[in-house]
Amino acid sequence: MLTIETEDLSILETYLRKLGPSLINFALSVIGAVIVYAIGVRIIKWLRRLLKKVLSRHNVDEGVQQFLDAIAKVAGYFVLILMILGFFGVTTASVVAVLGSAGLTLGLALQGSLSNFAGGVLILLLKPFTVGDYIIDGTGNNEGEVKEISIFYTTLQTAEQKLIVIPNGTLANNSITNLTKSGVRRLDILVDIAYDADLQRAKQVLRQVAEHSTHRMQSEPVEILVWELAESSIKLAVRVWTTPDEYWDEKWELNEQIKLALDEAGIEIAFPQLDVHVR
C-alpha cells in the first residue's frame, strides 16, 4: 500500500515539474498580452486624435472625419488583437487562413453589415446630407438632425432630443428629404375661420402677426393665402420663410400669436360642425 502511494506521489511530482514551465510561459504570455493591450489602446487613441487634427486642419467634412475615425478604430483594434493572439501562439498567417476559408460564410453572415458599410461610403461620396443637416428618410417615419455618420449607421437627433439610429444601407437605397441644404425653409400654417367671419379682416390680422414674428427671414415676403374652401370653414395659409435652425421656434411662436390675435379681433377659429334639420 505504501509502495502505491509513493509511486503516485512520484508521478504527480513528475507531472507538476513538466507542467511548471508551461504555466510559467502561459502566465508570462498573459502578462505580456495585458501590457501590449494597455499600451496598444493608448496608441490607438493617440493615432485617432492625430487623424482628427490632420483632417480638421484640412477642413475635411465632419461626416468624413467620423467615418474615417470609425475605420481607424476598427483597424487599430484588429491589429491589436492579432498582436495579442501572437502571445498565445496564434500567427497572423493562421488568422488570415481561417478568415479566407470562412470568407463565403462570413460574407453571407455579414451581408447586411457590408451593405451598410457600402451605403456609408456612398453617402460620403455623393453627400445627399452631411452632419448638421435636418433630413427625413424615405419612409417618412424618421426625421431629425444628423449627428453622426459612422461605418454602419447614421444617428439622427429629433426635436425632442431623441436619438434615432438608421442603417446606412437603408438611407442609401431610399429617397431622402434634406431640409437644410438650401439654407432656407418655408413654413405654412393653416388656419380655419368660419364662413361668416370677415375674410379681409382675418387676412389683415394674420399678416400683422406674421410680419412681427421674430424668427422669420425679413428679406422674404409674407403671404396670406386662401388655401381651401372646406366643408365647415375657410382655410387660410400663413406662409413665411425662415432658416432651418429657427423653423420650430417660428412655428411655435406663430401658432400662439395667431390664436391670441384672432381671439382679440373676435374672429372665430372654425371647427367641424354638423347641422341637423328635423322635419
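Right above here is the structure, for reference.
Summarised in this report is the structure supplied together with it. (Residues numbered from 1 in each chain as written. Predicted model: local features only at pLDDT ≥ 70, side-chain atom pairs only at ≥ 80, totals over all residues. Heavy atoms only, no water.)

Moving on, we get to unusual backbone geometry. For Lys127, which is not a glycine, the phi torsion comes out positive at approximately 55°. Structurally, the position occupied by Lys127 is in the loop between helix 5 (111-126) and strand 1 (134-136). Look at Lys127 and you get partly exposed, because its relative accessible area is 39%. In this structure, Gln161 takes a positive phi of about 65° despite not being glycine. (Helix = DSSP H or I, 4+ residues; strand = E, 2+ residues; numbered from the N terminus. Buried < 20%, exposed > 50% of the residue type's maximum accessible area, 1.4 Å probe, protein only.)

This paragraph deals with the sheet that holds strand 8 (residues 234-242). What the three strands build is an open sheet, ordered 6-8-7; its pairing is antiparallel. The open sheet has two edge strands, strand 6 (185-193) and strand 7 (223-229), and neither has a second partner. Averaged over all pairs of adjacent strands, the angle between their axes in this sheet comes to 30°, without regard to strand direction. One ladder, built from nine bridges, connects strand 6 with strand 8; its direction is antiparallel. Bridge pairing links Arg185 to Thr242 in strand 8. (Pairing = 2+ DSSP bridges. Axes fitted to C-alpha atoms, helices over the stretch in contact; angles between N-to-C directions.)

All right, on to the side chain of Asn178 then. Counting through the fold element by element, Asn178 comes out in strand 5 (residues 177-178). A distance of 3.1 Å separates the side chain of Asn178 from the backbone nitrogen of Lys181, its partner in a polar contact. Excluding residues within four positions of it along the chain, Asn178 makes contact with Pro128, Phe129, Asp133, Tyr134 and Ile135. (Polar contact = N/O pair within 3.5 Å; in protein donor to acceptor, adjacent residues only side chain to side chain. Contact = heavy atoms within 4.5 Å.)

Moving on, we get to the layout of surface pockets. Size it by volume and the largest pocket reaches roughly 280 Å³. Considering the residues around the largest pocket, the lining is formed by 13 residues, among which Tyr134, Glu145, Pro244, Asp245 and Trp248 are closest to the centre. (1 Å grid on protein atoms, 1.4 Å probe; cavity = no way out; pocket = protein on both sides within 12 Å on 5 of 7 lines; lining within 4 Å. Points joined across faces, edges and corners; volume = space filled by probe spheres on them.)

For the rest of this paragraph, the subject is the packing of helix 7 (residues 199-211) against helix 8 (residues 247-265). It is the contact of helix 7 with helix 8, at a shortest axis distance of 10 Å, that shows an interaxial angle of 140°. Considering their axes alone, helix 7 and helix 8 lie oblique with respect to each other. Every pair of crossing elements has a handedness; the one defined by helix 7 and helix 8 is right-handed. In this structure, helix 7 uses Arg201, Val205, Leu206, Val209 and Ala210 to contact helix 8, whose residues at the interface are Leu254, Gln257, Ile258, Ala261, Leu262 and Ala265. Along the lines of polarity and charge, the residues of the contact of helix 7 with helix 8 split into nine nonpolar, one polar and one charged. (Parallel < 35°, antiparallel > 145°, perpendicular 65-115°, else oblique. Left-handed = near helix turned anticlockwise from the far one by under 90°. Nonpolar A, V, L, I, M, F, W, Y, C, P; charged D, E, K, R; others polar.)

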